[in-house]
Amino acid sequence: MSRKPIVGGNWKCNPAKLADAKALVEAWKEKGFDKEKVDVVIAPTALHLGHVKTPLEGLGMAVCAQNVGKNDMGAFTGEWTAAHLQDMEVGYTLIGHSERRSKYGETDEDTALKVEKCQEAGLKANLVEETLPEQTVIFCIGELLEERESGKTDEVNKRQLAAIIPKVKNWDLIVIAYEPVWAIGTGKVATPDQAEETQAAIRAYLPLGRRAGGGRARAWYGGSVTPENCKELITKPNIDGFLVGATAKSRKPGDGRTD
Ligand SMILES: O=C[C@H](O)COP(=O)(O)O
């Protein structure tokens, strides 16, 4: 695989206490990882992000927002913008996570606007100061169980991806996270072949130059990834890493996870 692996932890709306978030970061000091070999990106809650950013970066990890607004600054209570992320030196954001789509009514059009804002912010950063982070978007797509069962997997993923294609000027700043909705938090992981076939189909829909065999857009799989099942998944040519949600404490009995 020529693309550098990248893995991410999405803390979602956890933990309840900042002290626990800090303790989790502290515990990683013991483990360590080779940042030359893999990029690690952590997405805490927005309220905790500023508090754990420095210690995470001290470990060689990057921080990621779990969401970003589709508008510019102004009267948008509860929102933040790509420009805020830029200013706070947060270089990654998730966009289009299935929980945003299903629980907050986020549409394909919304995701496209958000991607556009991040791309604009990244371009601006490059013009202003090279040290400012570019805005890398981890763009989440994936089908529902009924869509997979009715043979619509590729159609759904292509539709979600098609929404952002006209907005993307720099594909180096897009990571495509394929997360089948039926696998998220359920313990039902896609088989390595299912994940590979679907990511290959998604990659084939990217603009020329970003496809398999030299394509540089990095591709994630997410959905019930465990320390065990990731070993075979990562052997697949179109899987460059994982987006992992559940923690040991958040797992439910019987969800098939072992760590
Ligand atoms: O963002 C992460 C995904 O929603 C995967 O979550 P999960 O590892 O709990 O299945």
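- The name an unreviewed UniProt entry gives the protein chain is Triosephosphate isomerase, with Durusdinium trenchii as the organism.
- The UniProt entry for the protein chain carries this comment under Sequence similarities (unreviewed entry): "Belongs to the triosephosphate isomerase family."
- Per UniProt, the protein chain carries the Subunit (unreviewed entry) text "Homodimer."

**Looking at the site of the ligand**
Thought 1: Among the 14 residues in the neighbourhood of the ligand, the closest are listed as Lys-12, His-97, Gly-185, Ser-224 and Gly-245.
Thought 2: Here Lys-12 contributes a side-chain N or O atom positioned 2.8 Å from an oxygen atom of the ligand.
Thought 3: Within the backbone of Gly-245, one N or O atom sits 2.8 Å away from an oxygen atom of the ligand.
Thought 4: In isolation the ligand exposes 300 Å². Once the protein is present, 98% of that is buried.
Thought 5: Its residues assigned to classes, the shell around the ligand shows 5 nonpolar, 6 polar and 3 charged.

**What about the packing of aromatic side chains?**
Thought 1: Applying the stated rule across the entire model yields 2 aromatic pairs.
Thought 2: Look at Trp-11 and Trp-28: their rings are 6.1 Å apart centre to centre, the planes differ by 45 degrees, and that puts the pair in the tilted class. Separated by 17 residues along the polypeptide, Trp-11 in the loop between β1 (6–10) and α1 (18–28) and Trp-28 in helix α1 bring together distant segments of the chain.
Thought 3: Overall, Trp-11 belongs to the buried group, its relative accessible area being 6%.
Thought 4: In this structure, Arg-100 is placed above the aromatic ring of Tyr-104, and the distance from its NZ or CZ to the ring centre is 4.1 Å.

**Some points on the side chain of Gln-135**
Thought 1: By the element assignment, Gln-135 lies in the loop between α5 (108–128) and β5 (136–141).
Thought 2: A distance of 3.4 Å separates the side chain of Gln-135 from the side chain of Gln-86, its partner in a polar contact.
Thought 3: A polar contact is formed between the side chain of Gln-135 and the backbone oxygen of Val-90, at a distance of 2.9 Å.
Thought 4: Sequence-distant contacts of Gln-135, that is, excluding residues within four places in its chain, are made with Ala-82, Leu-85, Gln-86, Val-90, Gly-91, Tyr-92, Cys-118, Ala-121, Gly-122 and Leu-173.

**Considering the nonpolar core**
Thought 1: By size, the foremost hydrophobic cluster in this structure holds 44 residues, and its most contacted members are Val-115, Phe-139, Leu-161, Ile-174 and Tyr-221.
Thought 2: With residues near it in sequence (within four places) discarded, Val-115 still touches Ile-95, Val-137, Phe-139, Ile-164, Lys-167, Val-168 and Ile-174.
Thought 3: One finds Ile-6, Val-41, Leu-94 and Cys-140 within the second-largest nonpolar core, a separate group that totals 12 residues.

**Brief notes about the pattern of salt bridges**
Thought 1: For the coordinates displayed, the defined rule picks out 17 salt bridges.
Thought 2: Note that Glu-26 is salt-bridged to Lys-29, the shortest N-O span being 3.2 Å.
Thought 3: What makes Lys-29 exposed here is its relative accessible area of 52%.
Thought 4: Between Glu-143 and Arg-148 there is a salt bridge; the shortest N-O distance is 2.7 Å.

**Focus on the packing of α1 against helix α2 (residues 46–58)**
Two measures define how a pair of helices packs: the angle their axes make with one another and the distance between the axes.
Thought 1: It is at 10 Å that the axes of α1 and α2 come closest, and there the two elements cross at 15 degrees. Classified by the angle between their axes, α1 and α2 sit roughly parallel to one another. The way α1 lies across α2 gives a crossing that is right-handed. Of α2, the residues touching α1 (which contributes Leu-18, Ala-21, Lys-22, Val-25 and Trp-28) are His-48, His-51, Val-52, Pro-55 and Leu-56.
Thought 2: Grouping the amino acids of the contact of α1 with α2 by side-chain chemistry returns 7 nonpolar, 2 polar and 1 charged.

Cut-offs and rules
- Residues numbered from 1 in each chain as written.
- Predicted model: local features only at pLDDT ≥ 70, side-chain atom pairs only at ≥ 80, totals over all residues.
- Heavy atoms only, no water.
- UniProt positions renumbered as here; feature names shortened; annotations may be inferred.
- Near = heavy atom within 4 Å.
- Polar contact = N/O pair within 3.5 Å; in protein donor to acceptor, adjacent residues only side chain to side chain.
- Areas by Shrake-Rupley, 256 points an atom, 1.4 Å probe, with all protein chains shown as cover.
- Nonpolar A, V, L, I, M, F, W, Y, C, P; charged D, E, K, R; others polar.
- Phe/Tyr/Trp six-rings, centres within 6.5 Å; stacked < 30°, edge-to-face > 60°.
- Helix = DSSP H or I, 4+ residues; strand = E, 2+ residues; numbered from the N terminus.
- Buried < 20%, exposed > 50% of the residue type's maximum accessible area, 1.4 Å probe, protein only.
- Lys NZ or Arg CZ within 6 Å of the ring centre and 35° of its normal.
- Contact = heavy atoms within 4.5 Å.
- Core = buried A, V, L, I, M, F, W, Y, C linked by side-chain atoms within 4.5 Å.
- Salt bridge = Lys/Arg side-chain N within 4 Å of Asp/Glu carboxyl O.
- Axes fitted to C-alpha atoms, helices over the stretch in contact; angles between N-to-C directions.
- Parallel < 35°, antiparallel > 145°, perpendicular 65-115°, else oblique.
- Left-handed = near helix turned anticlockwise from the far one by under 90°.

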